[in-house]
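Now for the letters of each chain:
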Amino acid sequence: MSDLLTITPEGLFCAAADAHIDPVRPVAKAIITHGHADHARAGHGAVLATRQTLDIMAIRYGENFCGTAQDTGYGDTLKVGAVDVSLHPAGHVLGSAQVLLEAGGKRTVVSGDYKRQSDPTCAPFELVICDTFVTEATFGLPVFRHPPARSEIAKLLASLDLFPDQTHLVGAYALGKAQRVLAEIRAAGYDKIIYLHGALEKLTAYYQSQGIDFGPLEPVGKRGKELQGEIVLCPPGQLSDRWARRFGDPVAVMASGWMRVRARARQRGAELPLILSDHADWDDLCRTILETGADQIWVTHGAEEALVHWCELNGRNARPLNMIGYDDGEDADGAQLEGA
Ligand SMILES: [Zn+2]
Ligand SMILES: [Zn+2]
């Protein structure tokens, strides 16, 4: 057991700091790992997070999303109650952080969501050595192995060559995934205008304001059939929406870690599934657990039991947290905007 953390109905609680981490209900003091809506909720008293996470919360919820907001840079240590708190890059989305809690010579890391694959739109995951590691397990089954982003984007560009008269409509969540898809398309050398559904504009503009270059972008606006042969990004729900019909017979593309599962791709109406995830795959979950050196592993957020079992086989103490209120990025209501 970690001395530093307990589980409450609101989520993970650090009594020595009198603060919750990513609470699912309003609390007096919250430390927020990143801007996805199941982690970052409005209505807390005080919030501690990276500047970028605070900015993203303000974009989504308005400037008054909490009582008082405090930002801290990656690696800076702050005293919160009796605990030294510092945030470290999680490689998940812009501003995302792991939370390191240090007290009494013990180190506990709450990963939030993380990935190890490279991503041109956020700081890379930083390994933090600790005694207790709280890991997500969104893709915590051995079947989940994410191929390199480059090879997935190559499928999209190959399809554009094959079907030059069809709009390629790419479903991608508004925070993180859409921007990573844009950056990876540019990295592959595609330099034409890319068109954005209105729901993706604000956060993409925020990424640009943080110095991330996506090349020429334009809002879809009222356009439809004149965008044949072009790439259009939209939230996943729009792929099967009336809105998509304006493009005539578009190729429906979906970018998500779940696209490994054929049934999910079909359910999404994705003709061209791209396996592109902002979470660690099975190999990276296992590797990260070993690399942290932690002997206590708390597993949350996804396929908890399989990863707990793997930890035990590998000599770690592990427990599933069974917390409610976090979604796996696709199925829950309102997850339209979220990551996977
Ligand atoms: Zn997330
Ligand atoms: Zn999450």
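Just so you know, the residues in each chain are numbered from 1, in the order the chain's sequence is written. Ligands are numbered from 1 and chains lettered from A, in the order in which they are written. Residue-level local features of this predicted model are given only where pLDDT is at least 70; pairs of side-chain atoms are given and counted only at 80 or more, and the full residue set underlies all totals for whole chains, interfaces and linings. Heavy atoms throughout the structure, all of them, feed into the side-chain values; hydrogens and water do not.

(A) Structural context of the packing of aromatic side chains. Think of it this way: a Phe, Tyr or Trp ring, Trp meaning its six-membered ring, pairs with another when their centres are within 6.5 Å, and the plane angle makes it stacked under 30 degrees, edge-to-face over 60, tilted otherwise. In this structure the tally under the stated criterion is 8 aromatic pairs. Their ring planes at 50° and their centres at 4.5 Å tell us that F139 and W258 sit as a pair that is tilted. Of this pair, F139 sits in the loop between β11 (132-137) and α2 (149-162) while W258 sits in the loop between β16 (251-255) and α5 (262-268), and the two are 119 residues apart along the sequence. W258 carries the same exposure label as F139, and that label is buried. A connected cluster of aromatic rings, assembled from ring pairs, spans Y114, F125 and F133. Whether a charge sits over a ring depends on NZ of Lys or CZ of Arg being within 6 Å of the ring centre and within 35 degrees of the ring normal. Above the ring of W258, the side-chain terminus of R264 is found at 3.9 Å from the ring centroid. In this arrangement the basic side chain of R319 is found over the ring face of W298, its NZ or CZ atom lying 4.7 Å from the centre. Secondary structure follows DSSP: runs of H or I at least 4 residues long count as helices, runs of E at least 2 residues long count as strands, and numbering of each begins at the N terminus. Buried residues are those whose accessible area, probed at 1.4 Å on protein chains only, stays under 20% of the maximum for their type, while exposed residues exceed 50% and partly exposed ones sit between those limits.

(B) Representation of the pairing of β11. Taking burial as the measure, the 6 residues of β11 include 6 buried ones, the bulk of the element. The two faces of β11 match: T132, V134 and E136 on one face and F133, T135 and A137 on the other face are all buried. Being paired, for any two strands, means DSSP has found at least two bridges between them. Sheet topology note: the strand β10 (residues 106-110)/β11 ladder contains 3 bridges and is parallel. Bridge pairing in β11 places T108 opposite T132. The sheet contact formed by β11 and strand β18 (residues 296-302) spans 6 bridges and is parallel. Counted as the bridge partner of F133 is I297 from β18.

(C) Region of the structure containing the environment of D3. Relative to the helices and strands, D3 resides in the segment before β1 (6-8). A relative accessible area of 73% places D3 in the exposed class. Sequence-wise, D3 and T108 are 105 residues apart; in three dimensions their C-alpha atoms are separated by 9.1 Å.

(D) Local environment of the coordination of the zinc ion (ligand 2). Coordinating donors are taken as N, O and S atoms within 2.8 Å of the metal, stretched to 3.2 Å for Na, K and Ca; because water is absent from the atoms, sites can appear incomplete. Summarising the metal site, the zinc ion (ligand 2) is bound by the protein donors H39 (NE2), D113 (OD) and H301 (NE2), whose distances to it range over 2.1 to 2.3 Å. Each donor residue of the zinc ion (ligand 2) lies on one chain, and together they are spaced H-x73-D-x187-H. The distance between the zinc ion (ligand 2) and the zinc ion (ligand 1) comes to 3.5 Å, and D113 binds to both of them. With H39 in the loop between β4 (29-31) and β5 (44-49) and D113 in the loop between β10 and β11, this pair connects stretches of sequence that are 74 residues apart. Each member of the pair, H39 as well as D113, is classed as buried.

(E) Just the sheet that holds strand β3 (residues 19-21), in detail. The strand order β1-β2-β3-β4-β5-β6 describes an open sheet built from 6 strands, whose pairing is mixed. Edge positions in the sheet fall to β1 and β6 (66-71), since each of these pairs with one other strand and no more. Sheet twist, expressed as the mean angle between neighbouring strand axes with direction ignored, is 30°. To get an axis, fit a line to the C-alpha atoms, keeping to the stretch in contact for a helix; angles then go from 0 to 180 degrees between the N-to-C directions.

(F) Main features of empty space enclosed by the protein. A pocket here means an open set of points on a 1 Å grid, computed over the protein atoms alone, that has protein on both sides within 12 Å along at least five of seven lines. A cavity is instead a set of points where a 1.4 Å probe fits but cannot get out; residues with an atom within 4 Å of a point line either one. Grid points are joined across faces, edges and corners, and a volume is the space filled by probe spheres set on the points. Evaluated as defined, the whole model comprises 2 cavities of 30 Å³ or more. The space that makes up the largest cavity amounts to roughly 110 Å³. Lining of the largest cavity is provided by 14 residues; of these, L12, D22, V110, G112 and T300 occupy positions nearest its centre. Mapped onto the lining of the largest cavity, the elements with two or more residues apiece are β11 and β18. Looking at which element gives the most residues to the lining of the largest cavity, the answer is β11, with 3 residues. Across the lining of the largest cavity, the residue classes break down as 6 nonpolar, 6 polar and 2 charged. Classification used: nonpolar for Ala, Val, Leu, Ile, Met, Phe, Trp, Tyr, Cys and Pro, charged for Asp, Glu, Lys and Arg, polar for all others including Gly.

(G) Molecular detail of the nonpolar core. Residues V181, I185, I231 and L233 are the most contacted members of the largest nonpolar core, which totals 34 residues. Contributions of two or more residues to this core are made by α2, α3 (177-187), β13 (194-196), α4 (201-209), β15 (231-234), β16 and β17 (272-274). Here L233 is in contact with V170, A178, V181, L182, I194, Y195, L196, H197 and L200, once residues within four sequence places are set aside. Throughout this description, the term nonpolar core refers to a set of buried Ala, Val, Leu, Ile, Met, Phe, Trp, Tyr and Cys residues connected via side-chain atoms within 4.5 Å. Core analysis: the second largest hydrophobic core is formed by 23 residues, L12, L87, A97 and L101 among them. Any pair of residues with heavy atoms lying within 4.5 Å of one another is described as a contacting pair.

Read these as spatial facts, not as claims about activity.
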